[in-house]
Amino acid sequence: MTNKQIILKNRPKGFPDENTWKLEENDIPELEEGEILIQHHYISLDPAMRGWMNDTKSYIPPVELDHVMRAGAIGKVIKNNNNPKFDIGDCVTSWGGVQQYSVSNGDGWFKVDEKLASMPMYLGALGMPGMTAYFGILEVGNIKEGDIVLVSGAAGAVGAIVGQIAKIKGCTVIGIAGGQEKCNYIKNELGFDEAIDYKSENIYSALKKKCPKGIDVYFDNVGGVILDAALSKLRMHAKVVICGAISQYNNKNKINGPSNYLSLLVTRSTMQGMVVMDYTKDFGKAAKEMSTWLQEGKLKSREDIYEGIENFRETYNRLFTGEKNGKLVLKVIE
């Protein structure tokens, strides 16, 4: 058996190009005692992958050159050499990487129930993006009923869940997204109270119009100009959750930081970063509650699925061009 793998060959400067990764086909080694072989069905594509390629200090070590590109994966156990924790046919998920198969002793792999949700959903609403949204808005944002919540990247995998959780908790929610189609989606399908199209509206004017009373919590996925504008609308003792900065990830020069940061001083507000791995021990609790919301129709999930590991780079690029609808997933099983 052979395994198609996406290997990181060069650290990109700016936007990853055709020299960043290489598709390789390698033999799958024989299983050692206690190991399992997992056939990947789907791979999660996330903006954080861009940061994992940089050889800089971060919350997680960078992907090493000539190694499989890091990514969340979900699939099934197809071979087992005396590992008592898994059975052949188990559906499992972990950091399997951008490849068709993983060999593992089972550490870090978790069983999931396909009867409760589809495989792609375990990479979205019930996966890392969903966990990021859940703990980011509830623990770091610490929202309460009646809060005015602003979310950037609101039609994305994390932002869409953030806004819906805030609505479930009784908040007024304004989402920022790119394009009328995405704005219609978050407002008409997901139940956001207002939507701002940053591509066609002046962000400062739109915030003045749609957040006339200011904001209590800003959940930031994009950074840059939009973060700066949001800081100008903070209410007293507001909270800013720094989840990501997708507008800055491919900069060839320095990241553009906020110039309106003194708003934090004036309003006695706080700005805090969040990394989902800090909450791993509570994932089960979050998944249970979110599964209930999904079953009750209070929470909606959309996965945008593309096929073929050979199409990895083209599909990855959609994270930054906006050519996607919901959680971006790559199907790699043939």
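Here the residue index of a chain counts from 1 through its sequence in written order. Owing to the predicted nature of the model, reporting of local features is limited to residues with pLDDT of at least 70; listing and counting of side-chain atom pairs is limited to 80 or more, with chain, interface and lining totals taken over all residues. Based on all heavy atoms of the structure, the side-chain values leave hydrogens and waters out of the count.

Q: Describe the pattern of salt bridges, with residues and values.
A: Should a side-chain nitrogen of Lys or Arg be within 4 Å of a carboxyl oxygen of Asp or Glu, the pair is scored as a salt bridge. Scanning the entire structure with this criterion turns up 15 salt bridges. Between K4 and E334 there is a salt bridge, with the nearest N and O atoms lying 2.8 Å from each other. Note that K4 is positioned in strand β1 (residues 2-8) and E334 in the segment after β15 (327-331), a separation of 330 residues in sequence. Note on exposure labels: buried denotes an accessible area under 20% of the residue type's maximum, exposed denotes more than 50%, and partly exposed covers the range between, all computed with a 1.4 Å probe on protein chains only. Owing to a relative accessible area of 16%, K4 belongs among the buried residues under this scheme. Of the charged contacts, one joins E201 and K210 as a salt bridge, the two residues approaching to 3.5 Å between their closest N and O atoms. Judged by relative accessible area, which is 19%, K210 ranks as buried. Overlapping salt bridges bring together K4, E310 and E334 as one network. For the purposes of this entry, the term helix denotes a DSSP run of H or I that reaches at least four residues, the term strand denotes a run of E that reaches at least two, and both are numbered from the N terminus.

Q: Describe the nonpolar core, and please don't skip the residues or the numbers.
A: Residues I74, Y134, I137, I143, V149, I186 and M290 are the most contacted members of the largest nonpolar core, which totals 50 residues. Of all elements in the fold, only α2 (128-140), β8 (148-152), α3 (157-168), β9 (172-177), α4 (180-189), β11 (215-220) and α8 (283-296) reach the threshold of two or more residues within this core. With 7 residues, the single largest contributor to this core is α2. Should any heavy atoms of two residues lie within 4.5 Å, those residues are considered in contact. If near-sequence neighbours (up to four positions away) are discounted, I143 is found in contact with I137, L138, V149, A166, K169, C171 and V217. Put simply, a nonpolar core is a bunch of buried Ala, Val, Leu, Ile, Met, Phe, Trp, Tyr and Cys residues held in one set by side-chain atoms that sit within 4.5 Å of each other. Membership of the second largest hydrophobic core comes to 22 residues, among which are L8, V63, A73 and V332.

Q: If you had to explain α8 to someone new, which residues and values would you point to?
A: Multiplying one less than the number of residues by 1.5 Å gives the expected span of a helix. For α8, built from 14 residues, the straight-helix expectation of 20 Å at 1.5 Å per residue is met to within 8% by its first-to-last C-alpha distance of 20 Å. Among the residues making up α8, those that are buried are A286, M290, S291, W293 and L294. Down the axis of α8, the buried set is contained in an arc of 160°. They therefore lie on one face. Relative to its buried face, α8 has exposed residues pointing more than 90 degrees away, namely G284, K288 and Q295. Elements in contact with the buried residues of α8: α2 and α3. Phi turns positive, to about 80°, at G297, one or two residues after α8. Of all possible arcs, the one meant is that of the directions from the helix axis to the C-beta atoms.

Q: Could you give me a rundown of empty space enclosed by the protein, with the residues and numbers involved?
A: The rolling of a water-molecule-sized probe over the atoms marks out the regions of remaining empty space. Using a 1 Å grid laid over the protein atoms alone, points where a 1.4 Å probe fits but cannot get out form a cavity; open sets with protein on both sides within 12 Å along at least 5 of 7 lines form a pocket; any residue with an atom within 4 Å of a point counts as lining. Grid points are joined across faces, edges and corners, and a volume is the space filled by probe spheres set on the points. Summed over the entire model, instances satisfying the criterion amount to 1 cavity of 30 Å³ or more. Taken as a whole, the largest cavity encloses approximately 100 Å³ of empty space. Forming the boundary of the largest cavity are 15 residues, of which A157, A160, I161, R302 and K327 lie nearest the centre. By residue number, the principal contributor to the lining of the largest cavity is α3, which donates 4 residues.

Q: I'd love a proper account of the layout of surface pockets, names of residues and values included.
A: Taken as a whole, the second largest pocket holds about 730 Å³ of empty space. Along its surface, the second largest pocket is lined by 28 residues, and T93, F110, L126, G127 and F283 are the ones closest to its centre. Here the element with the most residues in the lining of the second largest pocket is α8; it accounts for 5 residues. Considering only residue class, the lining of the second largest pocket consists of 15 nonpolar, 9 polar and 4 charged. Polar here means any residue other than Ala, Val, Leu, Ile, Met, Phe, Trp, Tyr, Cys and Pro, which are nonpolar, and Asp, Glu, Lys and Arg, which are charged; Gly is therefore polar.

Q: Talk me through the packing of aromatic side chains; I want residue IDs and the actual numbers.
A: Working definition: a ring pair exists when centres of Phe, Tyr or Trp rings (six-membered ring for Trp) sit within 6.5 Å. Plane angles under 30 degrees give stacked, over 60 give edge-to-face, the rest tilted. Counted according to the given criterion, the structure contains 10 aromatic pairs. Ring plane angle 85° and centroid distance 4.8 Å describe the contact between W21 and F312, whose orientation is recorded as edge-to-face. Taken together, the positions of W21 in strand β2 (residues 21-27) and F312 in helix α9 (residues 312-321) put the pair 291 residues apart, joining distant regions of the chain. A relative accessible area of 8% places W21 in the buried class. Judged by centre distance (6.0 Å) and plane angle (35°), the ring pair of F312 and Y316 falls under tilted. One end of the pair is F312 and the other is Y316, both in helix α9 and 4 residues apart, which spans about a single turn. Lysine NZ or arginine CZ positioned within 6 Å of the ring centre and within 35 degrees of the ring normal marks a charge as sitting over the ring. Here the basic side chain of R70 rests over the ring of W52, its NZ or CZ set 5.4 Å away from the ring centre. Stacked on the ring of Y185, the Lys or Arg R302 has its end atom at 3.8 Å from the ring centre.

Q: Help me get a handle on α2, residues and values and all.
A: The buried fraction of α2 amounts to 11 of the 13 residues, a majority that puts the element mostly inside the structure. Among the residues making up α2, those that are buried are P129, G130, M131, T132, A133, Y134, F135, G136, I137, L138 and V140. Positioned one or two residues after α2, N142 has a phi angle of 50°, which is positive.

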